[in-house]
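# Understanding the architecture of this molecule
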Amino acid sequence: VAQRFVAGEQLADAVRAVEELERRGIHGILDLLGEMVTSEQEANTFTENILAIFDAMEGRELPIYVSIKLSQIGQDITLPGGENLGLRNARRILARARALNAFVALDMEDHPRVDITLEQFRTLATEFPGTVGTVLQAYLYRTEADRKALDDLKPNLRIVKGAYLEPETVAYPSKTDVDMNYRRLVYAHLKAGNYTCVASHDERIIEDVKLFAEKSGIPRSQFEFQLLYGIRRDLQQKLADEGYTVRAYIPYGRDWYAYFSRRIAERPANVSFVLRGMLKG
Ligand code: FMN
């Protein structure tokens, strides 16, 4: 059902998707679906399965770029002795990533996790400089302050609008405000000299970012465009053909339901892609 947005259930399906994209000049971001894990065993299994990505990619001479959710590897679990399991598992993943010159992004989840995720990002970015990045969401009021507070790390940040259903007490209810804040965050991060992942399918925003970079003398090597696998393939190809770095986020695995629900919620038109996929068999 979710075929349009998900590469498949198996890691091999996702690796195949990366190779196909690479032939078209687009890089991949591998994302093993799964989140909000409550058992230690399950969190450790996810960690092993994420480590398997590095084994599968090693030696292919393709960039290795993985996205993880800290809630998937134990952020909600405190071990006896007080250690956070998510942080411990993230260290295992990052040690492996560093050895392969790979990159790992920490996805941003719902608002109650922002504080702990940014705190753990700070710890990890200090221990594994250049190997880890995270995500900021333009819909949250707090985000510009978060961006400033991270500036000393010179962080690699992905800027997104935000995909979770958040209350007005923490997030802009109006799309105009979210879009405005999105541009503001991207421009500020670029101006501060930091690497910026512009993750959106919004063509007006993408065009504005291109113009801003040109006008401000920001080199193309300081930013990239990121889009979701299966969404606006035409736009992905156009940007790559224009010479921009483009990465597509490729989810795979069995736990596609939450991911899929967010895609439908943000764009009901996505339902029709899925229905077409179903009709095709
Ligand atoms: N939303 C989040 O809340 N957290 C994330 O970590 C996150 N990662 C994303 C990665 C990529 C490559 C893209 C394209 C989107 C991501 N999103 C994430 C989803 C966006 O917040 C947003 O819901 C989606 O892109 C639709 O908005 P658009 O019109 O800007 O494309």
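Everything numeric here is computed off the predicted structure, so don't read it as measured data. (Residues numbered from 1 in each chain as written. Predicted model: local features only at pLDDT ≥ 70, side-chain atom pairs only at ≥ 80, totals over all residues. Heavy atoms only, no water.)

Scanning the protein for helices and strands turns up ten helices and eight strands. For the protein, the C-alpha radius of gyration of 18 Å lies close to 19 Å, the compact-globule estimate for 281 residues. Principal-axis analysis of the C-alpha atoms gives the protein an extent of 50 × 50 × 40 Å. Considering the protein as a whole, with its 281 residues, one finds that 52% of them fall into the buried category. Sequence separation of at least 24 residues holds for 71% of the intrachain contacts in the protein that already meet a minimum separation of 6. (Helix = DSSP H or I, 4+ residues; strand = E, 2+ residues; numbered from the N terminus. Rg over C-alpha atoms; globule rule 2.2 N^0.38 Å. Buried < 20%, exposed > 50% of the residue type's maximum accessible area, 1.4 Å probe, protein only. Contact = heavy atoms within 4.5 Å.)

Within the largest apolar cluster, 78 residues are counted, with the highest numbers of intra-cluster contacts made by Ile50, Phe54 and Phe225. Here the element with the most residues in this core is helix H2 (residues 40-57); it accounts for seven residues. When neighbours within four sequence positions are excluded, Phe54 is seen to be in contact with Ile64, Val66, Ile93, Arg96, Ala97, Leu100, Ala102 and Val104. (Core = buried A, V, L, I, M, F, W, Y, C linked by side-chain atoms within 4.5 Å.)

Close contact between helix H7 (residues 203-216) and helix H8 (residues 233-241) brings their axes to 12 Å; oriented N to C, the two are set at 10°. Judged by the angle between their axes, H7 and H8 are roughly parallel. On H8, the residues touching Glu203, Ile206, Glu207 and Lys210 of H7 are Leu235, Lys238 and Leu239. Of the residues belonging to the contact of H7 with H8, the class tally is three nonpolar, no polar and four charged. (Axes fitted to C-alpha atoms, helices over the stretch in contact; angles between N-to-C directions. Parallel < 35°, antiparallel > 145°, perpendicular 65-115°, else oblique. Nonpolar A, V, L, I, M, F, W, Y, C, P; charged D, E, K, R; others polar.)

What follows concerns unusual backbone geometry. A negative phi angle is the norm for most residues apart from glycine, just as the trans form is the norm for most peptide bonds. The phi angle at Glu61 is positive, at roughly 60°, despite the residue not being glycine. Residue class for Glu61 comes out exposed when judged on its relative accessible area of 79%. In this structure, Lys154 takes a positive phi of about 50° despite not being glycine. With respect to the element layout, Lys154 can be found in the loop between helix H5 (143-150) and strand E5 (157-160). Looking at Lys154, the relative accessible area reads 48%, which means it is partly exposed.

Attention shifts here to the sheet that holds strand E6 (residues 196-199). Spatial strand order, E1-E2-E3-E4-E5-E6-E7-E8: eight strands in a closed barrel with parallel pairing. In this sheet, adjacent strand axes meet at a mean angle of 30° when their direction is disregarded. Here four bridges tie strand E4 (residues 132-137) to E5, and the two strands are oriented parallel to one another. In the strand pairing of E5, Leu136 is matched with Ile159. Of the strands in this sheet, strand E3 (103-106) and E4 touch helix H4 (residues 114-127), which is tilted by about 155° from E4. (Pairing = 2+ DSSP bridges.)

This part takes up the packing of H2 against helix H3 (residues 85-99). It is at 10 Å that the axes of H2 and H3 come closest, and there the two elements cross at 10°. Relative to H3, the element H2 lies roughly parallel. Where H2 approaches H3, its residues Glu40, Ala43, Asn44, Thr47, Glu48, Ile50, Leu51, Phe54 and Asp55 are matched on the opposing element by Leu85, Asn89, Arg92, Ile93, Arg96 and Ala97. Of the residues belonging to the contact of H2 with H3, the class tally is seven nonpolar, three polar and five charged.

Next up on the list: the site of the ligand. With respect to spatial proximity, 19 residues lie near the ligand, and among them Met108, Gly162, Ser200, His201 and Glu266 are the closest. A distance of 2.8 Å separates a nitrogen atom of the ligand from a polar atom in the backbone of Met108. Measuring from an oxygen atom of the ligand, one finds a side-chain N or O atom of Lys161 at 3.4 Å. Protein contacts shield 91% of the accessible area of the ligand, which totals 610 Å² for the unbound molecule. When atom positions are compared with the pocket grids, the ligand is found to occupy the largest pocket. For the shell around the ligand, the secondary-structure elements that each account for two or more residues are E4, E5, strand E7 (223-228) and helix H9 (257-266). No other element matches E7, which puts three residues into the shell around the ligand. Its residues placed into classes, the shell around the ligand shows nine nonpolar, five polar and five charged. (Near = heavy atom within 4 Å. Polar contact = N/O pair within 3.5 Å; in protein donor to acceptor, adjacent residues only side chain to side chain. Areas by Shrake-Rupley, 256 points an atom, 1.4 Å probe, with all protein chains shown as cover. 1 Å grid on protein atoms, 1.4 Å probe; cavity = no way out; pocket = protein on both sides within 12 Å on 5 of 7 lines; lining within 4 Å. Sits in = over half its atoms within 2 Å of the grid points.)

Before going further, it helps to spend a moment on the pattern of salt bridges. Counted under the stated rule, the structure contains 30 salt bridges. Its salt-bridge partner being Lys161, residue Asp202 comes within 2.8 Å of it at the nearest N-O pair. Taken as a pair, Asp202 in the loop between E6 and H7 and Lys161 in the loop between E5 and helix H6 (175-191) lie far apart in primary sequence, 41 residues in all. On the basis of relative accessibility, which here comes to 21%, the residue Lys161 falls in the partly exposed class. Lys210 serves as the salt-bridge partner of Glu207, at 2.8 Å between the closest nitrogen and oxygen. Here the residue Glu207 and the residue Lys210 both occupy positions in helix H7, the gap between them amounting to three residues, near one helical turn. The network of salt bridges with common partners includes Glu144, Arg147, Lys148 and Asp151. (Salt bridge = Lys/Arg side-chain N within 4 Å of Asp/Glu carboxyl O.)

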